[in-house]
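For reference, the chains in residue letters:
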Number of protein chains: 2
Amino acid sequence: MDNKKFLDFLKQNRIEPKNLSIYLEALTHKSYANEHKLTKNYQRLEFLGDACVEWVISNFIFNYKIKDNEKMRSLDEGEMTRARSNMVRSEILSYAAKDLGLTDFLMIGVGLEQDQSARMEKIYEDIFEAFIGAVAQDQGIKKVSLILEKTLIKYFREGQINYQKDYKTIFQEQAQRINKKPIMYKLVRNEGDKKEVHLVWNDLIYGIGIASTRKEAEILAAKNAILKLDDYTKKA
Amino acid sequence: MDNKKFLDFLKQNRIEPKNLSIYLEALTHKSYANEHKLTKNYQRLEFLGDACVEWVISNFIFNYKIKDNEKMRSLDEGEMTRARSNMVRSEILSYAAKDLGLTDFLMIGVGLEQDQSARMEKIYEDIFEAFIGAVAQDQGIKKVSLILEKTLIKYFREGQINYQKDYKTIFQEQAQRINKKPIMYKLVRNEGDKKEVHLVWNDLIYGIGIASTRKEAEILAAKNAILKLDDYTKKA
């Protein structure tokens, strides 16, 4: 690792390390530790950082307000739970490791260096958590908040991370309040990039969705079906 | 709720509330909220407190040192994981709610008041977490640490909460390093308060355990088997 470059990286993140070795530990994969006969790797710090990320994000979500019908309100339990689990998802954490530039400093065994697989994504996720653990241990939780503000919380504010229910879940919940009949998503057209899905419930086609993937077509069908169900319940 | 008594309770825990209503929210079960047409119950604070307990306990465990062969050392990842999951177990959290005296202030619907079932234990667990959430929100995390020092951390220091592997797991891990043959715990005697268990592995009786319950007898058999396996590996 280029020490000068790493100190610059810490400085950019407003970290003046009291104990530099803990940051190095956070970036040491066990394969590297084995090759270089080091006793420490990032696993203990990952344990710490995992809980730290969860806490800072939970605290942020708890205090977050959204505008709903011209009024500001907090998220309810369901929204909070979805927001948190979406914010700390593996893909988001490994993305944050890359976004922050942490991955440039990963110390990994020679055999793994060229690995481009899902295994590397898991390692990126791990070092993000381990780095947060190191910051918490060396600097305290306020500095952790700053780093999460630049990553996970920023992605959330930008709308990249959702906390709302998806349309399929919403339709299911609304429909089941009326009756428990099964909801079927029927693929009625399947032409390369054109998939058409019919949502059938209560012996009726409630929604039609056309999109390039089956998944998107199902979501559109559910979205249409929710509008139709709204009409239905207003008339009833 | 007796307001005077509750303020005394907070004072005993060195809490001068900035916002009393958040503590009341933490103690309001949804059945009570429904009966009294209140908009708030403890669920949002439980979400917050759950993550807060996990973080404070993780931080404690990360920095905890044990004496091992006359040397002080930190816990390894496996020990940390076991310590944490044992410290935040449901039974421990509901015990802590009672130990702290929180359960005296629970506000619950009339229909549930006389309930003595497992459902109440779950509610005690919930209000412990929700109360921690309220303290975190109103006072900050240092006061949370004080309360956890008086409960979960105290139980851990007193040795009531374990972080070591149990003997059955240890035997299994050691045996499987030698071969993958199945390990069987055979109950060979079953007389009221006298159960005898033989641990059979590799076509041999490796350990015998006699105790008043089958579970304890199995653990003793595993403990004996570990000693026998040590001999075996030394000879090999």
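Since the structure is predicted, the reported quantities are computational estimates derived from the model, not experimental observations. (Residues numbered from 1 in each chain as written. Chains lettered and ligands numbered in written order. Predicted model: local features only at pLDDT ≥ 70, side-chain atom pairs only at ≥ 80, totals over all residues. Heavy atoms only, no water.)

Observations regarding the overall build of chain A
Part 1 of the reasoning: Along the backbone of chain A there are eleven helices and five strands.
Part 2 of the reasoning: Based on the C-alpha atoms only, the size of chain A along its principal axes is roughly 70 × 45 × 25 Å.
Part 3 of the reasoning: Every one of the 236 residues in chain A was classed for burial, and the buried ones make up 46%.
Part 4 of the reasoning: Within chain A, counting contacts between residues at least 6 apart in sequence, those at least 24 apart form 55% of the total.
Part 5 of the reasoning: Accessible surface computed for chain A: about 13,000 Å², of which carbon and sulfur atoms make up 49%.
Part 6 of the reasoning: Positive and negative side-chain charges in chain A, numbering 39 and 35 respectively, have mean positions lying 4 Å apart. (Helix = DSSP H or I, 4+ residues; strand = E, 2+ residues; numbered from the N terminus. Buried < 20%, exposed > 50% of the residue type's maximum accessible area, 1.4 Å probe, protein only. Contact = heavy atoms within 4.5 Å. Areas by Shrake-Rupley, 256 points an atom, 1.4 Å probe, with all protein chains shown as cover. Lys, Arg positive; Asp, Glu negative; His and termini not counted. Charge placed at Lys NZ, Arg CZ, Asp CG, Glu CD.)

Considering the pattern of salt bridges
Part 1 of the reasoning: Applying the stated rule across the entire model yields 26 salt bridges over all chains.
Part 2 of the reasoning: The closest approach of N and O atoms between Lys 122 of chain B and Asp 126 of chain B, which form a salt bridge, is 2.5 Å. On the criterion of helical spacing, the pair formed by Lys 122 of chain B and Asp 126 of chain B is a turn pair, its members being four residues apart in helix α7 (residues 118-139).
Part 3 of the reasoning: Using a relative accessible area of 41% as the deciding quantity, one classes Lys 122 of chain B as partly exposed.
Part 4 of the reasoning: Across the pair Lys 168 of chain B and Glu 218 of chain B runs a salt bridge whose closest N-O atoms are separated by 2.6 Å. On the criterion of sequence distance, the pair formed by Lys 168 of chain B in helix α10 (residues 167-178) and Glu 218 of chain B in helix α11 (residues 214-235) is long-range, its members being 50 residues apart.
Part 5 of the reasoning: In this structure, a network of salt bridges that share partners links the residues Glu 46, Lys 122 and Asp 126 of chain A. (Salt bridge = Lys/Arg side-chain N within 4 Å of Asp/Glu carboxyl O.)

Some remarks on the interface of chain B and chain A
Part 1 of the reasoning: Counting from both sides, the interface comprises 24 residues of chain B and, opposite them, 24 residues of chain A.
Part 2 of the reasoning: Across the chain B to chain A interface the summed buried area is about 2,300 Å²; carbon plus sulfur atoms make up 65%.
Part 3 of the reasoning: When residues of chain B are sorted by the area they lose upon contact with chain A, Arg 44, Phe 47 and Trp 55 of chain B head the list and together hold 36% of the total.
Part 4 of the reasoning: Taken together, the connections running from chain B to chain A amount to six residue pairs in polar contact (both at pLDDT 80 or more).
Part 5 of the reasoning: Taken together, the elements giving at least two residues each to the side of chain B that touches chain A come down to α4 (43-63), α5 (77-87) and α7 of chain B.
Part 6 of the reasoning: Take the side of chain B that touches chain A: its biggest share by element is 15 residues, from α4 of chain B.
Part 7 of the reasoning: In the side of chain B that touches chain A, the residues fall into twelve nonpolar, seven polar and five charged. (Buried area = accessible area lost by both parts, 1.4 Å probe. Polar contact = N/O pair within 3.5 Å; in protein donor to acceptor, adjacent residues only side chain to side chain. Nonpolar A, V, L, I, M, F, W, Y, C, P; charged D, E, K, R; others polar.)

Focus on the domain arrangement of chain A
Part 1 of the reasoning: Looking at the assigned domains, one finds that chain A contains domain 1 (1-156) and domain 2 (165-232).
Part 2 of the reasoning: Here domain 1 of chain A and domain 2 of chain A have C-alpha centroids that lie 38 Å from each other. (Domains from an automatic or database assignment.)

Let's talk about the packing of aromatic side chains
Part 1 of the reasoning: Tallying each qualifying case throughout the model produces 24 aromatic pairs over all chains.
Part 2 of the reasoning: Look at Tyr 95 of chain B and Tyr 155 of chain B: their rings are 5.2 Å apart centre to centre, the planes differ by 70°, and that puts the pair in the edge-to-face class. Taken together, the residues Tyr 95 of chain B in helix α6 (residues 90-100) and Tyr 155 of chain B in helix α9 (residues 152-157) connect sequence positions 60 residues apart.
Part 3 of the reasoning: Accessibility expressed as a relative area gives 43% for Tyr 95 of chain B, which makes it partly exposed.
Part 4 of the reasoning: Looking at Tyr 155 of chain B, the relative accessible area reads 3%, which means it is buried.
Part 5 of the reasoning: Aromatic rings pair up to connect Phe 6, Phe 9, Tyr 23, Phe 105 and Phe 131 of chain A into one cluster. (Phe/Tyr/Trp six-rings, centres within 6.5 Å; stacked < 30°, edge-to-face > 60°.)

As for the sheet that holds strand β5 (residues 204-211) of chain B
All names here are of chain B.
Part 1 of the reasoning: Spatially, three strands are ordered β3-β4-β5 in an open sheet, and the strand pairing comes out antiparallel. The open sheet has two edge strands, β3 (184-191) and β5, and neither has a second partner. Geometrically, the sheet is characterised by an average inter-axis angle of 20° between neighbouring strands, direction not taken into account.
Part 2 of the reasoning: By the bridge criterion, seven bridges tie strand β4 (residues 194-201) to β5 in an arrangement that is antiparallel. (Pairing = 2+ DSSP bridges. Axes fitted to C-alpha atoms, helices over the stretch in contact; angles between N-to-C directions.)

Overview of the relation of the copies chain B and chain A
Part 1 of the reasoning: Taken as rigid bodies, chain B and chain A are interconverted by a rotation of 180° and an axial shift of 0.0 Å, the fit giving an RMSD of 0.2 Å. What the rotation and shift describe, once combined, is the action of a two-fold rotation axis. For chain B, the minimum C-alpha distance to the rotation axis belongs to Trp 55 of chain B and amounts to 3.1 Å.
Part 2 of the reasoning: Same-surface contact between copies: 100% of interface residues of chain B are shared with the interface of chain A. (Least-squares fit on C-alpha atoms with pLDDT ≥ 70 in both.)

What to know about the UniProt feature "active site" in chain A
Part 1 of the reasoning: Residues annotated in UniProt with the feature "active site" correspond here to Asp 50 and Glu 129 of chain A. The greatest C-alpha distance among the residues just named is 5.4 Å, despite their covering 80 residues of sequence, which places them together in space.
Part 2 of the reasoning: Looking at the secondary structure, you find Asp 50 of chain A in helix α4 (residues 43-63).
Part 3 of the reasoning: The partly exposed category is assigned to Asp 50 of chain A, whose relative accessible area is 28%.
Part 4 of the reasoning: Ignoring sequence-local partners within four residues, the contact set of Asp 50 of chain A consists of Glu 129 of chain A together with Arg 84 of chain B.
Part 5 of the reasoning: Here Glu 129 of chain A lies in helix α7 (residues 118-139).
Part 6 of the reasoning: In this structure Glu 129 of chain A comes out as buried when scored by relative accessible area, which is 7%.
Part 7 of the reasoning: Excluding its chain neighbours within four sequence positions, the residues that come into contact with Glu 129 of chain A are Leu 45, Glu 46, Gly 49, Asp 50 and Leu 93 of chain A. (UniProt positions renumbered as here; feature names shortened; annotations may be inferred.)

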